[in-house]
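In case you want the letters, here they are:
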Amino acid sequence: MQISSAVGIRSRLIRLINNRYAAYALFITIMLIKLVIFHYSLQVKNIDMNPVDYIIAVGSLLLVSFWTFWLPPKGRIASLMLLNLIITGFIYSDLVFYRYFEDFITVPVLMQAGQVGSLGESIRSLIHWQDLFFFIDWIILVPVTASILFRKRRVSNYSVQPLANARSRSNIMTRRLIAGTLTLILGCVLTFVPIKAASKTWAVGLFESNWWNVTLYNVTGIIGFHGYDIYRYAKDHLGLQPVLAQEAKDHNQLWFDKARGDRTVRDDNFGKYKDSNVIMIQVEAFMNFVVNQTINGQEITPNFNKLLQESMYYSNFYHQTALGRTSDADFVTQSSLLPLPSGSVFTRFPSHVYDTLPSILKQHGYAANVFHSYDSSFWNRNTVYKEMNYDRYYSKKDFKQDEMIGWSVSDASFFKQSLDMMKDIPEPFYSFLITLSSHHPYGLPKEKQKLDTGEFQGTIFGDYLQSIHYVDEALGEFVEQMKSQGLWDNSILIIYGDHDNSIKDETFYEQFLGREVTELDMKQIMNQVPLLIHLPDGSGAGVYPEPAGMMNTAPTLYHLLGISSEPYYLMGGSLLSGKERLVPLRSGAFSDDKVFFIPAESGGFENGTCYNLSTRQPTDVNACKQGYEETKQQLKISDETITYNLLKQFKETSVK
Ligand code: GP9
Ligand code: MN
């Protein structure tokens, strides 16, 4: 009985699929359901699928599939199935990617396919069993399609009946042509009319500044987003690119000139540490909320906390990174520009001109080296570090892989080996170290787990704390070795975290901090990393609560080393300048010492929230208006500088 009903369903499905309109409607319905599941699986706050989003979703599905009407029956059926496989594969990859990066896969990211693969363990932890819903239709559709495609006997149907004569053949061809073309037109109308309307009203300026892919997605849907991303990439790289208007170039140059003027402060600190070595450590996923915190009576970062007593500690320091993660932290810190809205500068524009720390310090007699024990091609570092003029990039192949944690040799061994290598480097030197042991998903070998994470035991949050505790121990050993190697009294040591830990569940933070966490708290938790600056004589020690960001690090160093930064194009100012600061974040959020602005995912300044930092309550959004405009402007200038290689042009004109 059951077998015969299954056979009945199967033959009914075969009949349905053989009908071109029914098969097409089935395809659109299934794919629409998948797009809806995709949307809700993303769990993006404040973005719902409204009726217009459904219209755009249908429109974009029509746009990617209209051409199947032009094909003969078997070609049409095969193409629809193939499209189902491809689109499903794409949106599912997007979902997994989003769970980690809070962004979608873009062409530049695909160009680094090896990189996505290297996430290995991480990717496994990002896959949920409910995701099977994306593939459930394949169980039926793949075999049914295959049986239609490979059957020998022709089932009665108008489309497979022998054609009586040329006339009826041409009739069929005309009908196919009309159906496909009408679908194309309908697809264009359903997709572009509402998108255009949005970009003229509540999402005005979105495509010009496109600073956040999630906001773009909110308007275009995921298929539209990928279409736009391909267009954007082609514009960057395939010769379609327009040149930046002279007016915009002049405007940007003026902005840099003004910023240059703001950096000319000459106080007692200027040049106080001239010719000191500089050792800078970028710690993987080291966030500020763990600093000076305990769990079950045990300090999470005891060594770092101890070091803070004799260092300058910036307690409201923002990482300013975007999708380029570690590479963005590196780029922003070294170049004092901002990251791109999509992809990483390291992979998109590695050979453009930037004024970076290693290249500038080298002009002032320094040796400059970078240490990171991972594949040298990851994040395109090989190319970038050559462009930055480092003497050498000590990568995985230079480190004895004697004690492994996660992706590479343990931080403890990495630190030890790096300091050993520095023995052969002439002073003064600049050494930039990038750690790795505390990388997501924070799997630390049992014997290295020394923290009692109590209630967090067995959770990714507990594993994160455990990893940071491990890195802290390694940092403690690093400081000891610096001392025994005679580097402590003649080196500036800078330590900061690169970005957040990708753990977005706020209940963990509430449980950990023992209090409710507001929207503002959460934004600050996820965007703040610690910055520690230890000066050779330990002076200036204390907590500096004023807002600061990665773009301020290099200018601060130039200040301490007495290097005039006037010839250079930098966006940030020195932390020691005493000037008020605005710290722009890639999302369009910003902080100064009075307010913190959170833009609405759905776009539009008025929809954002402006927090007063003294009351920590939302205030009139207009209190953030000026900072919002300045943030937008800085992001735009930085984007244009990077994309159009403006520094090269500025420098060429100043030489002439
Ligand atoms: C790998 C390391 C990690 O080399 O920098 O990069 P991330 O995944 O954090 O961007
Ligand atoms: Mn990182």
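Residues numbered from 1 in each chain as written. Chains lettered and ligands numbered in written order. Predicted model: local features only at pLDDT ≥ 70, side-chain atom pairs only at ≥ 80, totals over all residues. Heavy atoms only, no water.

Student: How do you make sense of unusual backbone geometry when you look at a structure like this?
Tutor: What is expected of a backbone is that most residues other than glycine have negative phi and most peptide bonds are trans. The omega torsion across E427 and P428 is -5°, close enough to zero to call that bond cis. You can see P428 is positioned in the loop between α18 (411–422) and β10 (429–434). Geometrically, the link from H440 to P441 is a cis peptide bond, its omega value of 5° lying close to zero. Secondary-structure assignment places P441 in the loop between β10 and α19 (460–484). One non-glycine residue, N292, adopts positive backbone phi at about 60°. Structurally, N292 can be placed in the loop between β1 (277–283) and β2 (294–295). (Helix = DSSP H or I, 4+ residues; strand = E, 2+ residues; numbered from the N terminus.)

Student: Is there a simple way to think about the nonpolar core in this case?
Tutor: A general trend in soluble globular proteins is that nonpolar side chains are found buried together. Ranked by size, the top nonpolar core spans 68 residues in total, and within it Y314, Y385, Y430, F432 and I492 carry the most contacts. Examining the composition of this core, we find that 5 residues originate from one element, helix α22 (residues 553–561), more than from any other. In this view, Y314 contacts P530, L531, I533, Y544, E546, A548, L575 and L576; residues no more than four positions away in its chain are not counted. One finds M421, L465, V479 and I525 within the second-largest nonpolar core, a separate group that totals 58 residues. (Core = buried A, V, L, I, M, F, W, Y, C linked by side-chain atoms within 4.5 Å. Buried < 20%, exposed > 50% of the residue type's maximum accessible area, 1.4 Å probe, protein only. Contact = heavy atoms within 4.5 Å.)

Student: Please clarify how the pattern of salt bridges should be interpreted in this entry.
Tutor: Two side chains that carry opposite charge are able to pair once their charged atoms sit near each other. According to the stated counting rule, one finds 23 salt bridges in the structure shown. Residue R266 pairs with E566 through a salt bridge whose shortest N-O separation is 3.3 Å. In this pair, R266 sits in the loop between α12 (246–262) and β1 while E566 sits in the loop between α22 and β15 (583–584), placing the two residues 300 residues apart along the sequence. Of the residues examined, E566 reaches a relative accessible area of 32% and is grouped as partly exposed. Of the charged contacts, one joins D537 and K272 as a salt bridge, the two residues approaching to 4.0 Å between their closest N and O atoms. Of this pair, D537 sits in the loop between β12 (531–534) and β13 (542–544) while K272 sits in the loop between α12 and β1, and the two are 265 residues apart along the sequence. Of the residues examined, D537 reaches a relative accessible area of 48% and is grouped as partly exposed. We classify K272 as partly exposed; its relative accessible area is 42%. (Salt bridge = Lys/Arg side-chain N within 4 Å of Asp/Glu carboxyl O.)

Student: Would you explain the site of ligand 1 in this entry?
Tutor: Residues in close proximity to ligand 1 include E284, R325, T326, H372, Y374, F378, W379, R381, W407, L436, H439 and H499, which together make up its full environment. A distance of 2.6 Å separates an oxygen atom of ligand 1 from a polar side-chain atom of T326. Contacts to ligand 1 include H499, whose side-chain N or O atom sits 3.1 Å from an oxygen atom. For ligand 1, whose accessible area on its own is 310 Å², the fraction buried by protein is 99%. Residue composition of the shell around ligand 1, grouped by class: 5 nonpolar, 4 polar and 3 charged. (Near = heavy atom within 4 Å. Polar contact = N/O pair within 3.5 Å; in protein donor to acceptor, adjacent residues only side chain to side chain. Areas by Shrake-Rupley, 256 points an atom, 1.4 Å probe, with all protein chains shown as cover. Nonpolar A, V, L, I, M, F, W, Y, C, P; charged D, E, K, R; others polar.)

Student: Even after reading the chapter, I still don't get the state of the cysteines, so can you show me in this structure?
Tutor: Note on terminology: disulfide describes a covalent bond linking the sulfur atoms of two cysteines. On inspection of all chains with the given rule, the structure shows 1 disulfide. Residue C610 pairs covalently with C624 via a disulfide, S to S 2.0 Å. Across the S-S bond of C610 and C624 the torsion is about 80°, and the bridge reads as right-handed. Of the two residues, C610 sits in strand β18 (residues 609–612) while C624 sits in the loop between β19 (617–619) and α23 (625–643), which places them 14 residues apart along the sequence. (Disulfide = S-S within 2.5 Å.)

Student: When you look at the coordination of the manganese ion (ligand 2) in this model, what are you seeing that I'm missing?
Tutor: In ideal tetrahedral geometry, four donors around a metal make angles of 109.5 degrees, whereas ideal octahedral geometry with six donors gives angles of 90 or 180 degrees. Within the protein, the atoms that donate to the manganese ion (ligand 2) are E284 (OE), E284 (OE), T326 (OG1), D498 (OD) and H499 (NE2), at distances of 2.0 to 2.5 Å. One can describe the site at the manganese ion (ligand 2) as irregular: its 6 donor atoms subtend angles covering 55 to 167° at the metal. Read in sequence order, the donor residues coordinating the manganese ion (ligand 2) give the pattern E-x41-T-x171-D-H. Taken together, the residues T326 in helix α14 (residues 325–335) and D498 in the loop between β11 (491–497) and α20 (506–513) connect sequence positions 172 residues apart. We classify D498 as buried; its relative accessible area is 0%. (Donors = N, O, S within 2.8 Å, 3.2 Å for Na, K, Ca; no water. Tetrahedral: all angles 85-135°; square planar, octahedral: opposite > 155°, others 65-115°.)

Student: Help me out: how do you make sense of the sheet that holds β19 in this one?
Tutor: Note: strands within a sheet are paired through backbone hydrogen bonds, in either parallel or antiparallel orientation. Overall, antiparallel pairing links the 5 strands, which are arranged β15-β16-β17-β18-β19 in an open sheet. Of all the strands in the sheet, the pair left with one neighbour each is β15 and β19. By the bridge criterion, 2 bridges tie β15 to strand β16 (residues 590–591) in an arrangement that is antiparallel. Bridge pairing links P584 to F590 in β16. On the sheet, helix α21 (residues 519–527) packs against β17 (595–598) and β18 and is oriented at approximately 90° with respect to β17. (Pairing = 2+ DSSP bridges. Axes fitted to C-alpha atoms, helices over the stretch in contact; angles between N-to-C directions.)

Student: What should I look at first to understand the side chain of T326 in this one?
Tutor: Taking the relative accessible area as the measure of exposure, T326 reaches 8% and is therefore buried. Here E284 takes part through its side chain, which lies 3.3 Å from a polar atom of the side chain of T326. A distance of 3.0 Å separates polar atoms of two side chains, one belonging to T326 and the other to D498.

Student: Sorry, what's going on with α21 here?
Tutor: It helps to recall that an α-helix has 3.6 residues per turn; residues three or four apart then point in one direction. Burial analysis of α21 places 7 of its 9 residues in the buried class, which makes it a mostly covered element. Looking only at α21, the buried set comprises L520, D521, M522, Q524, I525, M526 and N527. On its buried side, α21 packs onto β5 (317–318), α20, β17 and β18.

Student: Mind showing me how you'd approach the environment of D424 here?
Tutor: Looking at the secondary structure, you find D424 in the loop between α18 and β10. Each C-alpha atom, one on D424 and one on K483, is 17 Å from the other, the two residues being 59 residues apart in sequence.

Student: Quick question: what am I supposed to make of the domain arrangement of the chain here?
Tutor: Interfaces are often sized by the amount of accessible area the parts lose when they come together. Domain parsing of the chain yields domain 1 (2–237) and domain 2 (246–655). Using C-alpha coordinates to define each centre, domain 1 is positioned 40 Å away from domain 2. Taken together, the contacts link 34 residues of domain 1 with 30 residues of domain 2. The contact between domain 1 and domain 2 buries some 2,700 Å² in all, and 57% of this surface belongs to carbon and sulfur atoms. Counting across the interface, domain 1 meets domain 2 through 1 residue pair in polar contact (both at pLDDT 80 or more). Listing elements by their share of the side of domain 1 that touches domain 2, those giving two or more residues are α4 (73–101), α5 (107–110), α6 (113–118), α7 (120–125) and α11 (213–237). Class assignment of the residues belonging to the side of domain 1 that touches domain 2 gives a composition of 13 nonpolar, 13 polar and 8 charged. (Domains from an automatic or database assignment. Buried area = accessible area lost by both parts, 1.4 Å probe.)

Student: Teacher, can you tell me more about the side chain of N501 here?
Tutor: As for its position among the elements, N501 is in the loop between β11 and α20. Of the residues examined, N501 reaches a relative accessible area of 0% and is grouped as buried. Polar side-chain contacts of N501 include one of 2.9 Å to the backbone nitrogen of I503.

Student: Can you help me understand α4 in this one?
Tutor: Helix length check: α4, at 29 residues, gives a terminal C-alpha distance of 41 Å against a target of 42 Å (1.5 Å per residue), a fit within 8%. Where α4 terminates, the next one or two residues include E102, which has phi positive at roughly 55°. (Expected span 1.5 Å × (residues − 1).)

Student: Is there a simple way to explain the sheet that holds strand β4 (residues 312–314) in this structure?
Tutor: On the basis of which strands lie adjacent, the open sheet formed by 8 strands has the order β7-β6-β10-β1-β11-β12-β4-β13 and mixed pairing. Each end of this open sheet is capped by a strand with a single partner; those strands are β7 (392–394) and β13. Between one strand axis and the next, the sheet turns through 15° on average, direction left out of account. Here β1 runs beside β10; their pairing, made up of 5 bridges, is parallel.

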